[in-house]
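What follows is each chain in one-letter form.
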Amino acid sequence: MRRAACLLVCVWLAGCAPPFDPVARGVADRPTWAMVPDVPLIQQAAFYCGPASLAMVMQWAGSNVTQDEIAALAFSPGAGGTYLADMIGSARRQGQLAVEIGTFDQLLSEVAAGHPVIVFQNLGLGVAPVWHYGVVTGYDFVQDAVYLNSGQRDQMVMPFAVFERTWRRGDHWGLVVLPPDRLPASAPQVDVLNAGAALERVGQYQAAAMLYQTGAARWPDNWLWPFGLANARYGMGDLHGARRALRQARAMDPTIPEVRANLLQVERELAGQVD
Amino acid sequence: MGLLNLTKTGAAIFLSAQLVLATQAVTMAQAEMIGTNAAITKYATHADRSFLLNELQRDDVQAAMIEQGVDPAEAEQRLAALSDAEVATMVQQMQDGSAGADIVGTLFTVFIILLVTDFLCFTRIYNFTRCIR
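Owing to the predicted nature of the structure, the values given are computational and were not obtained by experimental measurement.

Q: So what exactly am I meant to see when it comes to the overall build of chain B here?
A: Within chain B one finds seven helices and zero strands. Counting helices and strands in the order they occur from the N terminus, chain B gives α-α-α-α-α-α-α. Looking at chain B as a whole, 33% of its 133 residues qualify as buried. The long-range fraction of contacts in chain B, counting pairs at least 24 apart against all pairs at least 6 apart in sequence, stands at 46%. Accessible surface, chain B as shown: approximately 7,700 Å² in total, 61% of it carbon and sulfur.

Q: Any chance you could explain the overall build of chain A here in plain terms?
A: Looking only at helices and strands, one finds eleven helices and nine strands in chain A. Per-residue burial over chain A gives 54% buried out of 275 residues. Intrachain contacts of chain A at a sequence separation of at least 6 include 62% that bridge at least 24 residues. Roughly 11,800 Å² of accessible area belongs to chain A as shown, and the carbon and sulfur atoms make up 52% of that amount.

Q: Honestly, the confidence of the model for chain B in this entry has me stumped. Any pointers?
A: Interpreting fine coordinate detail is not advised for predicted regions of low pLDDT. Residue and element names in this part refer to chain B. Put simply, chain B has an average pLDDT of 60, and 19% of its residues get 70 or more. Within chain B, the lowest mean pLDDT, 30, falls on helix H6 (residues 101-106), and the highest, 75, falls on helix H2 (residues 36-57). Below a pLDDT of 50 lies the segment residues 18-28, which in the model reaches 13 contacts outside its immediate sequence neighbourhood of four places, other chains included. The low-confidence segment residues 97-109, where pLDDT is below 50, has 13 contacts with residues more than four positions distant or belonging to other chains.

Q: Would you explain the packing of helix H7 (residues 189-201) of chain A against helix H9 (residues 224-235) of chain A in this entry?
A: Residue and element names in this part refer to chain A. At a closest axis distance of 10 Å, the pairing of H7 and H9 adopts a crossing angle of 10°. Viewed along their axes, H7 and H9 adopt a mutual orientation that is roughly parallel. Contacts from Gln189, Val192, Leu193 and Glu200 of H7 reach H9 at Leu224, Trp225, Gly228, Asn231 and Ala232. The residue inventory of the contact of H7 with H9, partitioned by class, reads five nonpolar, three polar and one charged.

Q: Would you explain the side chain of Asn149 of chain A in this entry?
A: Residues and elements named next belong to chain A. Mapped onto the fold, Asn149 is located in strand E7 (residues 145-149). Of the polar contacts made by the side chain of Asn149, one reaches the backbone oxygen of Pro40; its length is 3.1 Å. When residues no more than four places from it in sequence are discounted, the contact partners of Asn149 are Val39, Pro40, Leu41, Met56, Gly134, Val135, Thr137 and Gln155.

Q: Just to check I follow, could you spell out helix H11 (residues 257-270) of chain A for this structure?
A: Residues and elements named next belong to chain A. Along its 14 residues, H11 runs 20 Å from first to last C-alpha, staying within 8% of the 20 Å computed at 1.5 Å per residue. Of the residues making up H11, those classed as buried are Pro257, Glu258, Val259, Ala261, Asn262, Leu263, Gln265 and Val266. Directly beyond the C-terminal end of H11, a positive phi value near 75° is found at Gly272.

Q: What is the right way to look at helix H5 (residues 104-112) of chain A in this model?
A: Residues spaced three or four apart along an α-helix point in a common direction, a consequence of the helix completing one turn every 3.6 residues. Here H5 of chain A lies mainly inside the structure; seven of its nine residues are buried. Positive phi appears at Gly114 of chain A, one or two residues downstream of H5 of chain A, with a value of about 90°.

Q: Sorry if this is basic, but what is going on with the environment of Ala61 of chain A here?
A: Residue and element names in this part refer to chain A. With respect to the secondary-structure elements, Ala61 resides in the loop between helix H2 (49-60) and helix H3 (67-74). We classify Ala61 as partly exposed; its relative accessible area is 32%. Between the alpha carbons of Ala61 and Pro179 there is a distance of 6.7 Å; along the sequence they are 118 residues apart.

Q: Where do I start with the pattern of salt bridges in this structure?
A: Working definition: two side chains of opposite charge can pair if their charged atoms are close together. Residues and elements named next belong to chain A. For the structure shown, the criterion picks out four salt bridges over all chains. Across the pair Arg30 and Asp105 runs a salt bridge whose closest N-O atoms are separated by 2.9 Å. Note that Arg30 is positioned in the loop between helix H1 (2-16) and strand E1 (33-35) and Asp105 in helix H5, a separation of 75 residues in sequence. A salt bridge links Glu164 to Arg168; its shortest N-O distance comes to 3.2 Å.

Q: Would you mind going over the packing of H2 of chain A against H3 of chain A with me for this structure?
A: Packed helices, taken two at a time, are described by the angle between their axes plus the distance between the axes. All names here are of chain A. In the contact formed by H2 and H3, the axes pass within 8 Å of each other and the chain directions differ by 125°. Here H2 lies oblique to H3, going by the angle between them. As H2 runs across H3, the sense of the crossing is right-handed. For the pair H2 and H3, the contacting residues are Pro51, Ala52, Leu54, Ala55 and Met58 in the first and Gln67, Ile70 and Ala71 in the second. Classifying every residue of the contact of H2 with H3 by side-chain character gives seven nonpolar, one polar and no charged.

Q: Sorry if this is basic, but what is going on with the packing of aromatic side chains here?
A: Residues and elements named next belong to chain A. By the definition in use, this model includes 16 aromatic pairs over all chains. Summarising the aromatic geometry, the rings of Tyr139 and Phe160 are spaced 6.3 Å apart at their centres and angled 75° between planes, so their arrangement reads as edge-to-face. Of this pair, Tyr139 sits in strand E6 (residues 131-140) while Phe160 sits in helix H6 (residues 160-168), and the two are 21 residues apart along the sequence. Across the pair, Phe160 and Tyr139 agree in class, each one buried. An aromatic cluster is present here, built from Phe104, Tyr139, Phe141, Phe160, Phe163 and Trp167 joined pairwise through their rings.

Rules of the game
Residues numbered from 1 in each chain as written. Chains lettered and ligands numbered in written order. Predicted model: local features only at pLDDT ≥ 70, side-chain atom pairs only at ≥ 80, totals over all residues. Heavy atoms only, no water. Helix = DSSP H or I, 4+ residues; strand = E, 2+ residues; numbered from the N terminus. Buried < 20%, exposed > 50% of the residue type's maximum accessible area, 1.4 Å probe, protein only. Contact = heavy atoms within 4.5 Å. Areas by Shrake-Rupley, 256 points an atom, 1.4 Å probe, with all protein chains shown as cover. pLDDT = per-residue confidence, 0-100. Axes fitted to C-alpha atoms, helices over the stretch in contact; angles between N-to-C directions. Parallel < 35°, antiparallel > 145°, perpendicular 65-115°, else oblique. Nonpolar A, V, L, I, M, F, W, Y, C, P; charged D, E, K, R; others polar. Polar contact = N/O pair within 3.5 Å; in protein donor to acceptor, adjacent residues only side chain to side chain. Expected span 1.5 Å × (residues − 1). Salt bridge = Lys/Arg side-chain N within 4 Å of Asp/Glu carboxyl O. Left-handed = near helix turned anticlockwise from the far one by under 90°. Phe/Tyr/Trp six-rings, centres within 6.5 Å; stacked < 30°, edge-to-face > 60°.

Here is the structure:
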């Protein structure tokens, strides 16, 4: 019933929507077509569109986590849904890099880079919302189509205008979830750094360390990457590794007091001066 | 009295030494690691600024600015005049692509930056700009 209502709304919207114009949208530079292969279609359990979306993206990346396992970390039974913050948090607690995006251009560049993107949509109307998470796996300017794995058995195809409206009502909230040895194509460096720090906070030091190394390869001029790597290694109890990373950070910029303070701390602990 | 003076001298020496040490390491007194988050908060806005400055250095951007009658040096000056928070907000707005006309009205300095970012295809604020890429 709910799905039937949604489809009716979609049809109505499509009837009055102008055709998609990449130039007017400012995304003319993107490839006209992109498709992320091998994102599994998982039929969602009742109200589990959030956990199912995360499971699809993480299984695509090689994990074998199920929607039920993610629901245990993310789902709020009282609310009958999954909060945005819990989507991000549960992905991180699974050791994944999770970065929010918020524009159409970012969405297209992620998909073009081969990354599926979880999107938050209102499939209903503003006054009668039908909140939903789906995974954008492809798009085609010429066919005027956005392809989604949307918690159903079959792939969902939406005209751009319909997708845009449903996504806009969800405040253009998108989430890129990747294993920490890959980086989002569109996210600014500071967002990725913050995602690394968040992995540390939930005790995913291994994932954080991997992410900091990946970031260091992409942005080799920024000492914050080896600095974070040192903290992640310190969190794992790898004092020698932490010292190596901090020395590297110091070589990149010898003037940073935080680097020297942490290096000093690690060296004192290594020397056994601190209990 | 003499003892008090001695103590004062001692305290002065001690405090001076502390000050010297403090410039070398944030605080010697702390016995735990400084978190990544704190460092990001303190330093990442500088990264935003140097990112914008680097973009301004690009030949194609400079050529585009000159073509539009904008002195690249002036653009750098205006960027330098913005606070870290303003730079961070701007980079954020660039990423959102949601910087509207009201921003141009309230903060004229941003005009140049948005012009540049239009050329770089980050934003599409002005009708007369053409994306370079």
